[in-house]
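As a plain string of letters, each chain reads:
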Amino acid sequence: MEFTQNGDRLISQHHPLHNGLRFLIIVILVLGIFFRFANLEKKVYWIDEGYTSLRVSGYTEYELIKELGEGKINEIKTLEKYQHLNAEKNVFDTVKGLALEEAQLAPLYFVAVRFWVQLFGDSIAVTRSLSAVFSLLALPCMYWLCLELFESSLTAWLAVAIIAVSPFQVVYAQEARPYSLFVLLILLSSAVLLRAMRLKTNISWAIYATTLAVAMYSHLLFAMVAIGHGIYVVIVEKFRINKTVIGYFLATITGLLIFSPWVIVFIKNFNYASDKTSWLSLRRPLLELIKSWILNISTQFFDVGFYWKLPRPYLISTLPVIFLILIMVGYSYYLLLRKTEMRVWLFVITLTCMTVVFFLPADLIKGGIRSINTRYMIPCYLGMQISIAFLFTQLIIRVKLQKLWRVALVFLLSMGIISSSLYLSADTWWNKSGSLLNNSIARTVNSASNPLIITDLAGYSVLNIGNLLGMSHQIEPQAKLLIMSPKNIEFSGNFDPILLYNISQDLQKQIREFNQYKIEIIYGQDQEILLWKIVK
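Residues numbered from 1 in each chain as written. Predicted model: local features only at pLDDT ≥ 70, side-chain atom pairs only at ≥ 80, totals over all residues. Heavy atoms only, no water.

*Asks:* What is the right way to look at the layout of surface pockets in this model?
*Replies:* The gaps of empty space that remain are located by a probe, the size of a water molecule, rolled over the atoms. Roughly 320 Å³ of volume is contained in the second largest pocket. Lining of the second largest pocket is provided by 15 residues; of these, N502, I503, S504, Q505 and E528 occupy positions nearest its centre. Listing elements by their share of the lining of the second largest pocket, those giving two or more residues are α20 (462-471), α21 (505-513) and β8 (528-535). Class assignment for the residues of the lining of the second largest pocket results in six nonpolar, seven polar and two charged. (1 Å grid on protein atoms, 1.4 Å probe; cavity = no way out; pocket = protein on both sides within 12 Å on 5 of 7 lines; lining within 4 Å. Points joined across faces, edges and corners; volume = space filled by probe spheres on them. Helix = DSSP H or I, 4+ residues; strand = E, 2+ residues; numbered from the N terminus. Nonpolar A, V, L, I, M, F, W, Y, C, P; charged D, E, K, R; others polar.)

*Asks:* Would you explain the nonpolar core in this entry?
*Replies:* Where a protein is soluble and globular, its nonpolar side chains tend to be buried together. Counting residues in hydrophobic clusters, the biggest one holds 124 residues, and the most contacted among them are L21, M142, F150, L187, F222, I386 and I388. The element that contributes the greatest number of residues to this core is helix α9 (residues 179-199), accounting for 14 residues. Look past the residues within four positions of L21 in its chain and what remains in contact with it is L154, L158, I396 and L409. Judged by nonpolar contacts, the second largest core, of 28 residues, contains V445, I475, A479 and Y501. (Core = buried A, V, L, I, M, F, W, Y, C linked by side-chain atoms within 4.5 Å. Buried < 20%, exposed > 50% of the residue type's maximum accessible area, 1.4 Å probe, protein only. Contact = heavy atoms within 4.5 Å.)

*Asks:* Looking at this model, I keep getting lost on α21. Mind explaining?
*Replies:* Each full turn of the α-helix corresponds to 3.6 residues, which orients residues three or four apart in the same direction. For α21, the set of buried residues is L507, Q508 and I511. The buried residues of α21 occupy one face: seen down the axis, they fall within an arc of 105°. Across α21 from its buried face, at more than 90 degrees, point the exposed residues Q505 and D506. (Arc of directions from axis to C-beta.)

*Asks:* Any chance you could explain the packing of helix α17 (residues 378-396) against helix α18 (residues 402-425) here in plain terms?
*Replies:* Packed helices, taken two at a time, are described by their axes: the angle between them and the distance between them. The N-to-C vectors of α17 and α18 enclose an angle of 150°; their axes lie 8 Å apart at closest approach. The orientation of α17 with respect to α18, classified from their angle, is roughly antiparallel. Counting all contacts with α17, which are made through I388, F392, L395 and I396, the residues of α18 involved are Q402, W405, R406, A408, L409 and L412. Its residues placed into classes, the contact of α17 with α18 shows eight nonpolar, one polar and one charged. (Axes fitted to C-alpha atoms, helices over the stretch in contact; angles between N-to-C directions. Parallel < 35°, antiparallel > 145°, perpendicular 65-115°, else oblique.)

*Asks:* When you look at unusual backbone geometry in this model, what are you seeing that I'm missing?
*Replies:* For residues besides glycine, phi is generally negative; the peptide bonds are generally trans as well. Cis geometry marks the peptide bond from D496 to P497, where omega comes out at 0°. Take P497: it is sitting in the loop between β5 (480-483) and β6 (498-501). Even without glycine at this site, F239 takes up a positive phi of about 60°. Along the polypeptide, F239 turns up in the loop between α11 (222-236) and α12 (243-268). Using a relative accessible area of 66% as the deciding quantity, one classes F239 as exposed. For N502, which is not glycine, the phi dihedral falls at a positive 45°. Locating N502 in the fold gives a position in the loop between β6 and α21.

*Asks:* Honestly, the packing of aromatic side chains in this entry has me stumped. Any pointers?
*Replies:* Where two aromatic rings form a pair, the distance of their centres and the angle of their planes describe that pair. Considering all chains together, one arrives at 21 aromatic pairs under this definition. Judged by centre distance (5.4 Å) and plane angle (75°), the rings of Y172 and Y179 are edge-to-face. Joined through ring pairs, the aromatic side chains of F168, Y172, Y179, Y381 and W430 make up one cluster. For the cation-ring pair, K43 lies above Y423, with the distance from its terminal atom to the ring centre recorded as 4.1 Å. The ring of Y376 is capped by R375, whose NZ or CZ atom sits 5.4 Å from the centre of that ring. (Phe/Tyr/Trp six-rings, centres within 6.5 Å; stacked < 30°, edge-to-face > 60°. Lys NZ or Arg CZ within 6 Å of the ring centre and 35° of its normal.)

*Asks:* Help me understand the pairing of β6, please; the structure alone is not making it clear to me.
*Replies:* Side-chain direction in a regular strand flips from residue to residue, so the side chains alternate between the two faces of the sheet. Of the two faces of β6, the one lined by I498 and L500 and the one lined by L499 and Y501 are each fully buried. Of the pairings in the sheet, the one linking strand β4 (residues 452-455) to β6 comprises three bridges and is parallel in character. For I454, the partnering residue across the bridge sits in β6 and is L500. Where β6 and β8 come together, three bridges link them in antiparallel fashion. Within the sheet, the bridge partner assigned to Y501 lies in β8 and is L531. (Pairing = 2+ DSSP bridges.)

Structural measurements only, silent on function.
Right, dumping it as structure tokens:
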């Protein structure tokens, strides 16, 4: 593409799409849409999604715990109140609950879901469907970004095809959390930035300021993307204070001023937010971190679910595919640096590296698992997928081995299709960690005529609260719920069975020491027991 004299629009000068490639992309787009909206209600409604519905309902965790009360037997349907819309609460209560208890979560997504379920109902499928819509809208944004960046519609279409069937994108398109909105606004704001740098008009910078503010209200980690944008602008403009740099900084300051109310909320409630994210500081051996980094990269293109649970022959058979993906990603960056000008490769590098620069050293030096949580590394993975799209653009337009590289592209996209198909047919996946046994536990509870579920809120109570909220969508009304402490272990009533859900060691000890009761293990996960049965 080239600029017109007034710089207000682009004229395309690129390789036309081959008929076969055009047909392939159409098929991929159709499949991408199908994968995002099929079986939305099938997967387990896990911890974080239970909290999403809690926020959307307008109630707080404090109100939930207060009503359930320690030592009081409640109907399981009591939890439904905290998972559905009601006349007592409104959208301001949704924002208030986030501000008080989870200020690390920006409010835009939760407000959007609140309005969405008011229109279409608050079933699991409807609640998740907004994420699918955001993920679908990300496809044209990816096209626009790559068109601005590479000036090639072929690269843009390939990038769209790659994320359309990327198993990683499909997984988070079906989760009632803000990650697909995060993807959408990263791509949109980046395209708007490049357009503003090209046009250099006040209106274009005003649009960037708006998208920056909206993106910050969608996810606090967008701050890292914004920092990457700043580094990119300053370097591309060769550290000169010119019209572009001034426009960028004015737009950024405006966007941050719009976002400043939530910054104040976050600072004021930092201790609560820190408690909610304390699990990120868990230490892991270096070898486990490296293994997770490798698997997370491959998951962008190839995902078989619980990789570590595969039988050994299948595990070994996937290693060549993962190895090829790593080589492909590495070579794509090499080719990007060699074949493109600085304004192109620098943008992809900053998008890829900002979260890596922040999280990886922190995990290595201080300890933690930030860098292995895929949802926090979304900007990095988008950079990789853009780089791969450029790689295949270069390969399939070559005269030599052109057919071979087209076959390789089909193979890459086929891996995404197969992976997404496996995901759709499963009732849980690796992103539901902490809730993998919820379906089994719900079936056990539902098979009993008069069950009592006992739990406590010792330690990191988010796990138990989130899982109970999620399971409330599956557990039949006959079940009862009791939250208790080791101070009182008398169980009144003729309940059968009495089930202990993820209770603390202190409560386990008290029950075992009470001669009237014995504990029988039912379900465990990752060497941790989640469900016991009381035997008198």
